[in-house]
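Tertiary structure, described
In case you want the letters, here they are:
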Amino acid sequence: MTATGTASPPVLPVARRIAGVGLATAAGVTVAVQSRINGELGVRLADGIAAAVVSFGLGLLVLLVLVPAIPAGRRGLATLRAALADGSLRPWQCLGGACGALFVAAQGLTIGALGVAVFTVAAVAGQSGSSLLVDRAGLGPAGRQAVTPNRLVGAALTVVAVVLAVGGRLGDPGTLGLALLPLLAGVGVAWQQAMNGRVRAATGSTLAATLVNFAVGTVVLLAAFVVEVAVRGRPDGGLPTEPWLYLGGPVGIVFIAVAAAVVRFTGVLLLGLATIAGQVVGAALLDVVLPTTASHPGVNTLLGAVLTLFAALLAAFGPPARR
């Protein structure tokens, strides 16, 4: 207690933050796997938005079966209804999935012109910067997070690391104007993680928070797909027959669930840094183990992966975050 009788805000234990970083990094690896799956599906369908609809839609179907079948899931849905009814959870706080839809749509709309390298740099820059602001505003369930030197340096190093990893493939500078869309999508990712964490905190159920994310994202993507079909017509590509091409949605469930569960321990910025590290490491491993015609991992890519891990650990071992 202070002299005025006000209790000091609780401090998040370092052990929990480190464990959260480990889980978030592993979840980031699943994002790299999902990107490879959805990227190939988009090529087969000849339509990135259609691939996103398939991925999100299948993830939603899995959750619609799984969540009501599990007692914890049913309790989470009941708590969700009660939280919305009594105002402890606002409807706008359930819209995090819309930013996930924006991110996937930005991939389909810009990667063809920008390439994955420029897209990744722009998205990481947006996510790292906005995560600082989201944490400072206290939008996530961990509450306000101080903008400490470790967190600032960690965010800056993450951007440097990704630029290092993909620096040889930045493409034509004339196309950089299109990078505004993935930059905005990266900004939205931080808000998505904060809102999903809020839903999880209000419901006490990671499954319920994940279901809300996929439901909102699927609705947004379906609306975008309807507009696309009205303007451009139906996609030319047919549905592929390989089962692994339809695993992007279930893999995405793992990422969203882990992010919603650990953000209250890590804060939004640290969660973002750790998942970025996992994505870069996962992408490097995939390029080495399962290379494609467009993948040529080199020393810079591997150095960038190591630097992202260092940036996440630097932020994790900084002064304890308060909530």
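The structure we're discussing is the one just above.
Described in the following lines is the structure provided in the data block. None of the values given here were measured: they were computed from a predicted structure. Along every chain, residues carry numbers that run from 1 in the direction the sequence is written. Note on the predicted model: pLDDT of at least 70 is required for a residue's local features to be given, and 80 or more for side-chain atom pairs to be given and counted; whole-chain, interface and lining totals, by contrast, use all residues. Excluded from the side-chain calculation are hydrogens and water; included are all heavy atoms of the structure.

As for the overall build of the protein
Note the following rule: Only DSSP runs of H or I reaching four residues or more are called helices, and only runs of E reaching two or more are called strands; each is numbered from the N terminus. Note on classification: 1.4 Å probe, protein chains only; a residue is buried when its accessible area is under 20% of the maximum for its type, exposed when over 50%, partly exposed between these limits. We call two residues in contact when some of their heavy atoms are within 4.5 Å. For accessible areas, the Shrake-Rupley method is used with a probe of radius 1.4 Å. Any residue's cover is judged against the shown protein chains and nothing else.
Summing up its helical and strand segments, the protein has nine helices and zero strands in all. Going from the N terminus to the C terminus, the protein shows its helices and strands as α-α-α-α-α-α-α-α-α. Within the protein, the fraction of its 323 residues that count as buried is 47%. The contacts in the protein between residues at least 6 apart in sequence include a share of 86% that link residues at least 24 apart. Total accessible area on the protein stands at roughly 14,500 Å², and carbon and sulfur atoms take up 72% of it.

Side note on the packing of aromatic side chains
What counts, and what does not: The aromatic pairing rule takes the rings of Phe, Tyr and Trp, using the six-membered ring of Trp, and pairs them if the centres are within 6.5 Å, calling planes under 30 degrees apart stacked, those over 60 edge-to-face and the rest tilted.
Under the criterion given, the structure shown has one aromatic pair. Considering the side-chain rings of Phe 56 and Phe 214, the 5.3 Å spacing of their centres and the 40 degrees angle between planes classify their relative orientation as tilted. Of this pair, Phe 56 sits in helix α2 (residues 48-69) while Phe 214 sits in helix α7 (residues 206-232); the two residues are 158 residues apart in sequence, bridging distant segments of the chain. An identical accessibility class is assigned to Phe 56 and Phe 214; each is buried.

What about the pattern of salt bridges?
Where we set the bar: Salt bridges are defined by distance alone: a side-chain nitrogen of Lys or Arg within 4 Å of a carboxyl oxygen of Asp or Glu.
Overall, the coordinates contain three salt bridges when judged by the stated rule. Ionic pairing is found between Glu 242 and Arg 44, a salt bridge with its closest N-O pair at 3.0 Å. Here Arg 44 lies in helix α1 (residues 14-45) and Glu 242 lies in the loop between α7 and α8 (248-289), a separation of 198 residues in the sequence. Under the relative-accessibility criterion, Glu 242 is labelled partly exposed at 26%. As a salt-bridge pair, Glu 228 and Arg 232 come within 3.1 Å of each other at their nearest N and O atoms. Of the two residues, Glu 228 and Arg 232 are both situated in helix α7; the distance of four residues between them amounts to about one turn of the helix. Connected via shared salt-bridge partners are Glu 40, Arg 44 and Glu 242.

With respect to the packing of α1 against α8
Note the threshold: For helices, the axis comes from a line fit to the C-alpha atoms of the stretch in contact; other axes are also lines fit to C-alpha atoms, and the angle between any two N-to-C directions lies between 0 and 180 degrees. An angle below 35 degrees is read as roughly parallel, one above 145 as roughly antiparallel, one from 65 to 115 as roughly perpendicular, and any other as oblique. Residue type decides the class: Asp, Glu, Lys and Arg count as charged, Ala, Val, Leu, Ile, Met, Phe, Trp, Tyr, Cys and Pro as nonpolar, and the leftover types, Gly among them, as polar.
Between α1 and α8, whose axes approach to 3 Å, the crossing angle comes to 45 degrees. Between α1 and α8, the interaxial angle falls into the category oblique. Residue classes in the contact of α1 with α8 are distributed as 20 nonpolar, 13 polar and four charged.

So, unusual backbone geometry
Positioned with a positive phi, Ala 46 is a non-glycine residue whose angle comes to about 60 degrees. Relative to the helices and strands, Ala 46 is located in the loop between α1 and α2.

Brief notes about the packing of α2 against α7
Axes are the key here: two packed helices are described by the angle between their axes and the distance separating the axes. Inclusion rule: Handedness of a helix crossing follows the sense of rotation of the near helix relative to the far helix, less than a right angle counterclockwise being left-handed and clockwise being right-handed.
Following both chains from N to C, one finds α2 and α7 inclined at 145 degrees, their axes separated by 8 Å at the closest point. The crossing of α2 and α7 is left-handed. In this structure, α2 contributes Ile 49, Ala 50, Ala 52, Val 53, Phe 56, Gly 57, Gly 59, Leu 60, Leu 63, Leu 64, Leu 66 and Val 67 to the contact, and α7 contributes Leu 207, Thr 210, Leu 211, Asn 213, Phe 214, Ala 215, Gly 217, Thr 218, Leu 221, Leu 222, Phe 225 and Glu 228. Of the residues that constitute the contact of α2 with α7, the class distribution is 17 nonpolar, six polar and one charged.

Section: the nonpolar core
Heads up, the rule is: Throughout, nonpolar core names a set of buried Ala, Val, Leu, Ile, Met, Phe, Trp, Tyr and Cys residues whose side chains join them through atoms within 4.5 Å.
Judged by nonpolar contacts, the single largest core of 20 residues is most densely connected at Leu 63, Leu 211, Phe 214 and Leu 221. Secondary structure elements with two or more residues in this core: α1, α2, α4 (96-137), α7 and α8. In terms of residue count, the dominant contributor to this core is α2 (seven residues). Leu 211 has contacts with Leu 60, Leu 63, Leu 64, Val 67 and Leu 77, leaving out every residue within four places of it along the chain. Listed in part, the 14 residues of the second largest apolar core include Val 21, Ala 24, Ala 190 and Val 268.

Brief notes about the side chain of Asp 47
Heads up, the rule is: The charge count treats Lys and Arg as positive and Asp and Glu as negative. His and the chain ends do not count. Pairs of N or O atoms within 3.5 Å make up the polar contacts considered here, provided that, within protein, one atom can donate a hydrogen while the other can accept it, and that residues adjacent in sequence are counted only when both atoms are side-chain atoms.
Secondary-structure assignment places Asp 47 in the loop between α1 and α2. One buried charged residue, Asp 47, forms no salt bridge at all, with the nearest opposite charge on Arg 232 at 5.1 Å. Within the structure, the side chain of Asp 47 is placed 2.9 Å from the backbone nitrogen of Ala 50, a separation counted as a polar contact. Apart from residues no more than four positions distant in its own chain, Asp 47 is found in contact with Gly 42, Phe 225, Glu 228 and Pro 235.

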